Amino acid sequence: MQLNASRIKVLQAQDDVVSSMKEAASKELLNVSQDHHLYKKLLKDLIVQSLLRLKEPSVLLRFRKADQDLVEDVLDSAKEEYAEKANVYPPEIVLDNQVYLPPAPTHHNAHGSFCCGGIVMASRDGKIVCENTLDARLDVVFRKKLPQVLCPVISQLVFFFY
(Lines give C-alpha, C1' and ligand atoms only; values in the text may rest on other atoms or scores of the structure.)
Protein backbone atom coordinates (compact mmCIF):
# COMPACT_ATOMS: atom_id res chain seq x y z
CA MET A 1 0.00 0.00 0.00
CA GLN A 2 2.86 2.35 0.82
CA LEU A 3 4.52 1.50 -2.47
CA ASN A 4 1.33 2.41 -4.37
CA ALA A 5 0.98 5.62 -2.39
CA SER A 6 4.59 6.53 -3.25
CA ARG A 7 3.97 5.84 -6.91
CA ILE A 8 0.92 8.08 -6.85
CA LYS A 9 2.99 10.84 -5.22
CA VAL A 10 5.66 10.48 -7.91
CA LEU A 11 3.06 10.65 -10.69
CA GLN A 12 1.39 13.68 -9.11
CA ALA A 13 4.74 15.44 -8.72
CA GLN A 14 5.54 14.65 -12.37
CA ASP A 15 2.26 16.12 -13.50
CA ASP A 16 2.80 19.23 -11.37
CA VAL A 17 6.28 19.81 -12.81
CA VAL A 18 5.15 19.38 -16.41
CA SER A 19 2.10 21.60 -15.89
CA SER A 20 4.15 24.38 -14.34
CA MET A 21 6.75 24.17 -17.12
CA LYS A 22 4.09 24.35 -19.80
CA GLU A 23 2.35 27.26 -18.06
CA ALA A 24 5.65 29.17 -17.82
CA ALA A 25 6.39 28.50 -21.49
CA SER A 26 2.88 29.62 -22.45
CA LYS A 27 3.37 32.91 -20.59
CA GLU A 28 6.63 33.45 -22.47
CA LEU A 29 4.80 32.96 -25.78
CA LEU A 30 2.86 36.14 -25.08
CA ASN A 31 6.11 38.09 -25.36
CA VAL A 32 6.74 36.79 -28.88
CA SER A 33 4.04 38.91 -30.48
CA GLN A 34 5.15 42.05 -28.61
CA ASP A 35 8.18 42.60 -30.86
CA HIS A 36 6.36 43.46 -34.10
CA HIS A 37 9.45 43.22 -36.30
CA LEU A 38 10.34 39.68 -35.19
CA TYR A 39 6.71 38.58 -34.99
CA LYS A 40 6.06 39.82 -38.52
CA LYS A 41 8.94 37.65 -39.78
CA LEU A 42 7.62 34.72 -37.75
CA LEU A 43 4.16 35.10 -39.28
CA LYS A 44 5.66 35.09 -42.76
CA ASP A 45 7.64 31.94 -41.96
CA LEU A 46 4.55 30.25 -40.50
CA ILE A 47 2.56 31.07 -43.64
CA VAL A 48 5.30 29.71 -45.92
CA GLN A 49 5.65 26.57 -43.80
CA SER A 50 1.88 25.99 -43.87
CA LEU A 51 1.77 26.48 -47.65
CA LEU A 52 4.58 23.94 -48.04
CA ARG A 53 2.67 21.44 -45.93
CA LEU A 54 -0.66 21.92 -47.69
CA LYS A 55 0.62 22.30 -51.27
CA GLU A 56 -2.76 23.66 -52.35
CA PRO A 57 -3.30 26.25 -55.11
CA SER A 58 -5.91 28.07 -53.02
CA VAL A 59 -6.10 28.31 -49.23
CA LEU A 60 -7.99 30.05 -46.45
CA LEU A 61 -5.93 31.86 -43.82
CA ARG A 62 -7.10 32.61 -40.28
CA PHE A 63 -5.30 34.79 -37.76
CA ARG A 64 -5.97 36.93 -34.72
CA LYS A 65 -7.76 40.19 -35.45
CA ALA A 66 -4.89 42.07 -33.81
CA ASP A 67 -2.48 40.51 -36.34
CA GLN A 68 -4.41 41.48 -39.47
CA ASP A 69 -2.13 44.35 -40.52
CA LEU A 70 1.00 42.25 -39.99
CA VAL A 71 -0.43 39.33 -41.97
CA GLU A 72 -1.45 41.62 -44.83
CA ASP A 73 2.05 43.14 -44.85
CA VAL A 74 3.82 39.78 -45.26
CA LEU A 75 1.32 38.00 -47.48
CA ASP A 76 2.83 38.82 -50.88
CA SER A 77 6.38 38.02 -49.83
CA ALA A 78 5.21 34.75 -48.23
CA LYS A 79 3.45 33.74 -51.47
CA GLU A 80 6.55 34.53 -53.51
CA GLU A 81 8.86 32.66 -51.15
CA TYR A 82 6.58 29.61 -51.24
CA ALA A 83 6.35 29.72 -55.05
CA GLU A 84 10.13 29.90 -55.30
CA LYS A 85 10.71 27.04 -52.84
CA ALA A 86 8.01 24.76 -54.26
CA ASN A 87 8.68 25.76 -57.88
CA VAL A 88 4.99 26.50 -58.49
CA TYR A 89 2.84 29.54 -59.21
CA PRO A 90 2.02 31.71 -56.20
CA PRO A 91 -1.12 30.39 -54.50
CA GLU A 92 -4.36 32.24 -53.93
CA ILE A 93 -4.61 33.05 -50.22
CA VAL A 94 -8.01 34.15 -48.99
CA LEU A 95 -7.93 35.99 -45.68
CA ASP A 96 -10.80 34.97 -43.43
CA ASN A 97 -12.13 38.34 -42.28
CA GLN A 98 -15.21 36.82 -40.66
CA VAL A 99 -13.75 34.22 -38.31
CA TYR A 100 -10.66 35.20 -36.33
CA LEU A 101 -8.49 33.21 -33.97
CA PRO A 102 -9.15 34.06 -30.31
CA PRO A 103 -7.24 37.02 -28.89
CA ALA A 104 -4.27 36.76 -26.54
CA PRO A 105 -5.17 35.98 -22.93
CA THR A 106 -5.86 38.90 -20.63
CA HIS A 107 -7.05 39.27 -17.07
CA HIS A 108 -10.62 39.41 -18.39
CA ASN A 109 -10.49 36.21 -20.49
CA ALA A 110 -7.83 34.25 -18.58
CA HIS A 111 -9.97 31.12 -18.50
CA GLY A 112 -11.63 31.40 -21.92
CA SER A 113 -10.18 30.37 -25.25
CA PHE A 114 -7.12 32.32 -26.33
CA CYS A 115 -4.33 32.28 -28.88
CA CYS A 116 -0.82 33.62 -28.29
CA GLY A 117 -0.31 34.17 -32.01
CA GLY A 118 0.34 32.41 -35.29
CA ILE A 119 -2.00 31.25 -38.03
CA VAL A 120 -4.35 28.48 -39.10
CA MET A 121 -4.43 27.63 -42.78
CA ALA A 122 -6.89 25.34 -44.53
CA SER A 123 -7.62 24.09 -48.00
CA ARG A 124 -10.59 25.91 -49.51
CA ASP A 125 -12.87 22.90 -48.95
CA GLY A 126 -11.76 22.79 -45.30
CA LYS A 127 -10.72 19.14 -45.44
CA ILE A 128 -7.04 19.81 -44.79
CA VAL A 129 -6.09 22.09 -41.90
CA CYS A 130 -2.64 23.19 -40.78
CA GLU A 131 -2.77 24.68 -37.30
CA ASN A 132 0.40 26.70 -37.00
CA THR A 133 -0.38 28.74 -33.90
CA LEU A 134 2.23 29.29 -31.22
CA ASP A 135 0.02 27.40 -28.76
CA ALA A 136 -0.27 24.38 -31.06
CA ARG A 137 3.48 24.37 -31.62
CA LEU A 138 4.06 24.46 -27.85
CA ASP A 139 1.77 21.44 -27.45
CA VAL A 140 3.74 19.54 -30.11
CA VAL A 141 7.05 20.36 -28.44
CA PHE A 142 5.78 19.21 -25.05
CA ARG A 143 4.42 15.96 -26.47
CA LYS A 144 7.72 15.25 -28.26
CA LYS A 145 9.98 16.28 -25.39
CA LEU A 146 7.90 14.89 -22.54
CA PRO A 147 9.97 11.71 -22.06
CA GLN A 148 13.20 13.73 -22.07
CA VAL A 149 11.77 16.22 -19.60
CA LEU A 150 10.36 13.59 -17.29
CA CYS A 151 13.31 11.17 -17.09
CA PRO A 152 15.52 13.42 -14.91
CA VAL A 153 12.49 14.47 -12.85
CA ILE A 154 11.42 10.88 -12.32
CA SER A 155 14.87 9.76 -11.23
CA GLN A 156 15.07 12.63 -8.71
CA LEU A 157 11.59 11.90 -7.36
CA VAL A 158 12.23 8.18 -7.10
CA PHE A 159 15.43 8.89 -5.17
CA PHE A 160 13.51 11.29 -2.88
CA PHE A 161 10.68 8.86 -2.10
CA TYR A 162 12.78 5.71 -1.71
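Residues numbered from 1 in each chain as written. Predicted model: local features only at pLDDT ≥ 70, side-chain atom pairs only at ≥ 80, totals over all residues. Heavy atoms only, no water.

Notes on the pairing of strand S2 (residues 92-95)
- Side chains Ile-93 and Leu-95 of S2 all project onto a buried face; the interleaved residues Glu-92 and Val-94 project onto a face where none is buried.
- Across four bridges, strand S1 (residues 58-63) lies against S2 in parallel orientation. Bridge pairing in S2 links Ser-58 to Glu-92.
- Regarding topology, helix H3 (residues 68-86) serves as the crossover connection from S1 to the parallel S2, and that connection is right-handed. (Buried < 20%, exposed > 50% of the residue type's maximum accessible area, 1.4 Å probe, protein only. Helix = DSSP H or I, 4+ residues; strand = E, 2+ residues; numbered from the N terminus. Pairing = 2+ DSSP bridges. Right-handed = clockwise from strand over helix to strand, strands pointing away.)

Focus: the side chain of Gln-68
- As for its placement among the helices and strands, Gln-68 is situated in helix H3.
- Polar side-chain contacts of Gln-68 include one of 3.2 Å to the side chain of Tyr-100.
- Discounting residues that sit within four places of it in the chain, Gln-68 has contacts with Phe-63, Asn-97 and Tyr-100. (Polar contact = N/O pair within 3.5 Å; in protein donor to acceptor, adjacent residues only side chain to side chain. Contact = heavy atoms within 4.5 Å.)

Comments concerning the packing of aromatic side chains
- Applying the stated criterion to the full structure yields one aromatic pair.
- Residues Phe-63 and Tyr-100 carry aromatic rings whose centres are separated by 5.8 Å and whose planes lie at 70° to one another, so their mutual orientation is edge-to-face. Of this pair, Phe-63 sits in strand S1 while Tyr-100 sits in the loop between S2 and strand S3 (118-123), and the two are 37 residues apart along the sequence. (Phe/Tyr/Trp six-rings, centres within 6.5 Å; stacked < 30°, edge-to-face > 60°.)

What about the environment of Leu-134?
- Along the polypeptide, Leu-134 turns up in helix H4 (residues 134-161).
- Residue classification places Leu-134 among the buried residues on the basis of a relative accessible area of 7%.
- Spatially, the C-alpha atom of Leu-134 lies 9.1 Å from that of Val-32, the residues being 102 residues apart in sequence.
- The contact partners of Leu-134, leaving out residues within four places of it in the chain, are Leu-29, Val-32, Tyr-39, Leu-42, Cys-116, Gly-117 and Gly-118.

Some details on the pattern of salt bridges
- Counted by the stated rule, this structure contains nine salt bridges.
- A salt bridge links Asp-67 to Arg-64; the shortest N-O distance between them is 2.9 Å.
- The class of Arg-64 is buried, set by a relative accessible area of 5%.
- One network of salt bridges, in which partners are shared, links Lys-44, Glu-81 and Lys-85. (Salt bridge = Lys/Arg side-chain N within 4 Å of Asp/Glu carboxyl O.)

Remarks on the confidence of the model for the protein chain
- Chain-level statistics for the protein chain give a pLDDT mean of 85 and a share of 85% at 70 or above.
- Across the protein chain, S1 holds the top mean pLDDT of 97, while H4 sits lowest at 64. (pLDDT = per-residue confidence, 0-100.)

Re the environment of Asp-45
- Checked against the element boundaries, Asp-45 lands in helix H2 (residues 36-54).
- Between the alpha carbons of Asp-45 and Gly-118 there is a distance of 9.9 Å; along the sequence they are 73 residues apart.

Topic: H2
- With 19 residues, H2 should cover 27 Å at 1.5 Å per step; its first-to-last C-alpha distance of 26 Å lies within 8% of that length.
- What H2 keeps buried is the set Tyr-39, Leu-43, Leu-46, Ile-47, Val-48, Ser-50, Leu-51 and Leu-54.
- Positive phi shows up at Lys-55, right after H2, with a value of about 50°. (Expected span 1.5 Å × (residues − 1).)

Thoughts on the packing of H2 against H3
- Axis separation between H2 and H3 bottoms out at 8 Å; the angle between their running directions is 40°. Judged by the angle between their axes, H2 and H3 are oblique. The handedness of the crossing between H2 and H3 is right-handed. Residues His-36, Tyr-39, Lys-40, Leu-43, Lys-44, Ile-47, Val-48, Leu-51 and Leu-52 of H2 pack against Leu-70, Val-71, Asp-73, Val-74, Leu-75, Ser-77, Ala-78, Glu-81, Tyr-82, Lys-85 and Ala-86 of H3.
- Here the contact of H2 with H3 is built from residues that sort into 13 nonpolar, two polar and five charged. (Axes fitted to C-alpha atoms, helices over the stretch in contact; angles between N-to-C directions. Parallel < 35°, antiparallel > 145°, perpendicular 65-115°, else oblique. Left-handed = near helix turned anticlockwise from the far one by under 90°. Nonpolar A, V, L, I, M, F, W, Y, C, P; charged D, E, K, R; others polar.)

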